Amino acid sequence: MANLFYALCCKHGTDKGNVHRYDAAYSQLLEPYLKLHRPIRLLEIGVDSGASIHLWNDYFNRPQIFGIDIDPRARRHESENCTIFVGDQADPEFLREVIRQTGGRWDIVIDDGGHLMHQQQISHGVLWPHIVPGGMYVIEDLHTSLLRSSKWNPSHIPTTLDWLLEKARAQVTRRRRRHPPITFAFSGEACFIIKP
Ligand SMILES: C[S@@+](CC[C@H](N)C(=O)[O-])C[C@H]1O[C@@H](n2cnc3c(N)ncnc32)[C@H](O)[C@@H]1O
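Caption draft 1: Spotlight on the overall build of the protein chain. Each helix and strand in the protein chain was counted, giving six helices and seven strands. Moving toward the C terminus, one meets the helices and strands of the protein chain in the order α-α-β-α-β-β-α-β-α-β-α-β-β. Here the protein chain has a C-alpha radius of gyration of 16 Å; the compact-globule value for 196 residues is 16 Å, and the two agree. With the C-alpha coordinates aligned to their principal axes, the bounding extent of the protein chain is approximately 45 × 35 × 35 Å. Residues classed as buried in the protein chain amount to 39% of the 196 residues present. The contacts in the protein chain between residues at least 6 apart in sequence include a share of 58% that link residues at least 24 apart.

Caption draft 2: Representation of the nonpolar core within the structure. Core analysis: the biggest nonpolar cluster contains 41 residues, and Leu-42, Trp-56, Ile-108, Val-109, Val-138, Ala-190 and Phe-192 have the highest contact counts within it. For this core, the element with the highest residue contribution is strand 5 (residues 131–139), accounting for five residues. In contact with Trp-56, not counting residues within four places along its chain, are Leu-42, Pro-63 and Ile-65.

Caption draft 3: Structural detail: the packing of helix 4 (residues 92–102) against helix 5 (residues 117–127). At their nearest, the axes of helix 4 and helix 5 sit 10 Å apart, and the two run at 35° to each other. For the element pair helix 4 and helix 5, the recorded crossing hand is right-handed. Where helix 4 approaches helix 5, its residues Pro-92, Leu-95 and Arg-96 are matched on the opposing element by Ile-122, Ser-123, Val-126 and Leu-127. The class makeup of the residues in the contact of helix 4 with helix 5 is five nonpolar, one polar and one charged.

Caption draft 4: Structural detail: the sheet that holds strand 7 (residues 190–194). Spatially, 3-2-1-4-5-7-6 is the arrangement adopted by the seven strands of the open sheet, whose pairing is mixed. Looking at strand neighbours, the two that pair on one side only are strand 3 (82–86) and strand 6 (183–187), the edges of this open sheet. Strand-to-strand twist in this sheet, taken as the mean axis angle between neighbours without regard to direction, amounts to 15°. For strand 1 (residues 41–45) and strand 2 (residues 64–69), the ladder comprises five bridges, and the chain directions are parallel. Residue pairing across strands places Ile-45 opposite Ile-68, the latter belonging to strand 2.

Caption draft 5: View of the site of the ligand. For the ligand, the set of nearby residues contains 21 residues, the closest of which are Gly-46, Asp-48, Ala-51, Ser-52 and Gly-114. For the shell around the ligand, the secondary-structure elements that each account for two or more residues are strand 1, helix 3 (51–59) and strand 2. Of the residues contributing to the shell around the ligand, the split by class is six nonpolar, eight polar and seven charged.

Caption draft 6: Helix 5, seen in detail. Within helix 5 the residues assigned to the buried category are Met-117, Gln-119, Gln-120, Gln-121, Ser-123, His-124 and Leu-127. Its buried side turned inward, helix 5 meets strand 1, helix 4, strand 4 (106–111), strand 5 and helix 6 (160–172).

Caption draft 7: Structural detail: unusual backbone geometry. Of note, the phi angle at His-115 is positive, near 65°, even though the residue is not glycine. Taking the C-beta count within 10 Å as the criterion, His-115 has 20 such neighbours and is therefore assigned buried. With phi around 50°, His-156 is a residue other than glycine that occupies positive phi space. Tracing the sequence through the fold places His-156 in the loop between strand 5 and helix 6.

Caption draft 8: Just the environment of Ile-68, in detail. Tracing the sequence through the fold places Ile-68 in strand 2. You can call Ile-68 buried: it has 25 C-beta atoms within 10 Å. In sequence terms Ile-68 and Ile-45 are 23 residues apart; their C-alpha atoms lie 4.6 Å from each other. In this structure, Ile-68 is in contact with Leu-43, Ile-45, Phe-85, Gly-87, Gln-89 and Val-98, ignoring residues within four places of it in sequence.

Procedures and definitions
- Residues numbered from 1 in each chain as written.
- Predicted model: local features only at pLDDT ≥ 70, side-chain atom pairs only at ≥ 80, totals over all residues.
- Helix = DSSP H or I, 4+ residues; strand = E, 2+ residues; numbered from the N terminus.
- Rg over C-alpha atoms; globule rule 2.2 N^0.38 Å.
- Buried ≥ 20, exposed ≤ 12 C-beta atoms within 10 Å, placed from the backbone.
- Contact = placed C-beta atoms within 7 Å.
- Core = buried A, V, L, I, M, F, W, Y, C linked by C-beta atoms within 7 Å.
- Axes fitted to C-alpha atoms, helices over the stretch in contact; angles between N-to-C directions.
- Left-handed = near helix turned anticlockwise from the far one by under 90°.
- Nonpolar A, V, L, I, M, F, W, Y, C, P; charged D, E, K, R; others polar.
- Pairing = 2+ DSSP bridges.
- Near = placed C-beta within 6 Å.

Structural data, given as structure tokens:
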């Protein structure tokens, strides 16, 4: 299945395969969602040329796809099973409107948008509660946490990498658990966060 994901990335021209090599992690972690007995609900922040929208369409059986992009040209990738919302991933009001219009309940959310610290953290903060149990939130391109230019962190907040590690640390130090912990799977520059 790793080869299939990689091949589809190349076929559609998304950099998730040959550039970032997210293919091994995606192949492994997406497997349970291929077995759902209903169409998967997937939201991706960052549509661009539509390459990954085509990837998801090919990879899943009749997926229900939602895309977010700040660039209105992304709307050209709308189709019967794909709805595009134009707005800023760092605007909580915009994200709440997306949730209101779609009903949320996503199996998978992928953040492949602007990759700035506050964008990644605001989007996760608003969207995570609307992931179904067993669902997954992916933050791609975390290497921007290591780039020194303030372009990536204009609000001077903790980097997304540190923010994720702090969330993971808080779970490690907790002894008694009422609920199973969240899974944080790091692979290359991406973190796959799985809701129990
Ligand atoms: C890396 S591209 C997405 C690539 C696509 N996911 C793929 O794999 O083919 C990033 C996209 O994020 C969009 N973007 C940048 N900043 C954004 C923001 N603040 N809110 C929403 N989208 C944003 C850009 O317009 C661009 O289309």
